Amino acid sequence: MPQADVLLVIDVQNGLSQAAGYTALVDRINERLDIYHDEERPVIFMQHTDDEMTYGSDAWRLDTRLHRQADDTVFLKYHTDSFYETGLADRLHHILAESVEVCGLQTEYCVDTAFRVGHDRGFDMITTAGMSTTFDTPELSAAMIRKHHEGIWNGSFATVYPAAE
């Protein structure tokens, strides 16, 4: 899979660690992190803050298993939109990013919004199938939610590459 100019890792936090396939997703994200770090490409982490994941709490903390480096950027966000009052768009413009690879949680909320808003702001958004997750609902499994959203994103808001076999 081609690399984008920057890797955007959304809400991989302790408070969401019960999402479907979470541990496997962290492993896949770490593979992407290692590639971006080896190629000295920028990595940006979004860290959600709300009443359930209050600033400084264990639930709020980024997962310590992530291969995060000291020079990676971390933005706090208080909304499902990673671009809303976070400084993300300014940072992407400052580093002359044209393409953004997205991964993380939750598929139908913050990840979906990042694709739509990033696309609307003129960035080429990309991902690989299976690089986000969410929680099962009474109506749909997390896998169904992810597949549905990947189908919507691909060709409309992003390029979704097939997962490696």
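Please refer to the structure higher up on the page.
Numbers given for residues are sequential positions, taken from 1 along each chain in its written order. In view of the model being predicted, local features appear only for residues whose pLDDT reaches at least 70, and side-chain atom pairs are presented and counted only at 80 or more, with totals across whole chains, interfaces and linings using the full set of residues. Only hydrogens and water are set aside; all other atoms, that is, all heavy atoms of the structure, feed into the side-chain values.

(A) Structural detail: the nonpolar core. Take the buried residues of types Ala, Val, Leu, Ile, Met, Phe, Trp, Tyr and Cys, join any two whose side-chain atoms come within 4.5 Å, and each joined set is a nonpolar core. Between buried and exposed lies partly exposed: a residue is buried under 20% and exposed over 50% of the maximum accessible area for its type, with that area taken using a 1.4 Å probe on protein chains only. With 23 residues, the main nonpolar core has Leu 8, Ile 10, Ile 44, Leu 88, Leu 92, Val 100 and Val 102 as its most contacted residues. Residue assignment for this core shows that the elements contributing at least two residues are strand E1 (6-10), strand E2 (43-48), helix H2 (88-94), strand E4 (99-105) and helix H3 (107-120). Among the elements that line this core, the one with the most residues is H3, at five residues. What Ile 44 contacts, discounting residues up to four positions off in sequence, is Val 6, Leu 7, Leu 8, Val 9, Thr 73, Phe 75, Leu 88, Arg 91 and Leu 92. Judged by nonpolar contacts, the second largest core, of 22 residues, contains Tyr 22, Met 53, Leu 66 and Leu 105. For the purposes of this entry, the term helix denotes a DSSP run of H or I that reaches at least four residues, the term strand denotes a run of E that reaches at least two, and both are numbered from the N terminus. The criterion used for residue contact is that any of the two residues' heavy atoms lie within 4.5 Å.

(B) Helix H4 (residues 142-153), seen in detail. Any helix carries an expected span of 1.5 Å times its number of residues minus one. Along its twelve residues, H4 runs 16 Å from first to last C-alpha, staying within 8% of the 16 Å computed at 1.5 Å per residue. When we look at burial in H4, the residues that qualify are Ala 142, Ile 145, Arg 146, His 149, Glu 150 and Trp 153. Here the buried residues of H4 occupy an arc of 130 degrees about the axis, which is enough to place them on one side. What points out from H4, more than 90 degrees from its buried face, is the exposed set Lys 147 and Gly 151. Elements in contact with the buried residues of H4: H3, strand E5 (124-128), strand E6 (132-133) and strand E7 (159-161). Directly after H4, the chain includes Gly 155, whose backbone phi takes a positive value near 85 degrees. Taken from the helix axis, the directions to the C-beta atoms give the arc we talk about.

(C) Up close: the pairing of E4. When you tally the buried positions in E4, you get seven out of seven residues, the bulk of the element. Going residue by residue along E4, you find Ser 99, Glu 101, Cys 103 and Leu 105 tucked away on one face and Val 100, Val 102 and Gly 104 tucked away on the opposite face as well. Should DSSP find at least two bridges between two strands, the strands are regarded as paired. Direction of pairing for E4 relative to E5: parallel, over a ladder of three bridges. Across the sheet, the residue bridging to Val 100 is Met 125, located in E5.

(D) Expanded view of the packing of H3 against H4. Only C-alpha atoms enter the line fits that serve as axes; for helices the fit covers just the stretch in contact. Angles between N-to-C directions range over 0 to 180 degrees. At a minimum axis distance of 11 Å, the contact between H3 and H4 shows a crossing angle of 10 degrees. Between H3 and H4, the angle is such that the two are roughly parallel. Contact with H3, carried on its side by Thr 107, Glu 108, Val 111, Asp 112, Phe 115 and Arg 116, involves Ile 145, Arg 146, His 149, Ile 152 and Trp 153 of H4 and no other residues of that element. Its residues assigned to classes, the contact of H3 with H4 comprises five nonpolar, two polar and four charged. Each angle gets one of four labels, with under 35 degrees taken as roughly parallel, over 145 as roughly antiparallel, 65 to 115 as roughly perpendicular, and the rest as oblique. The nonpolar class holds Ala, Val, Leu, Ile, Met, Phe, Trp, Tyr, Cys and Pro. Asp, Glu, Lys and Arg form the charged class, and all remaining residues, Gly among them, are polar.

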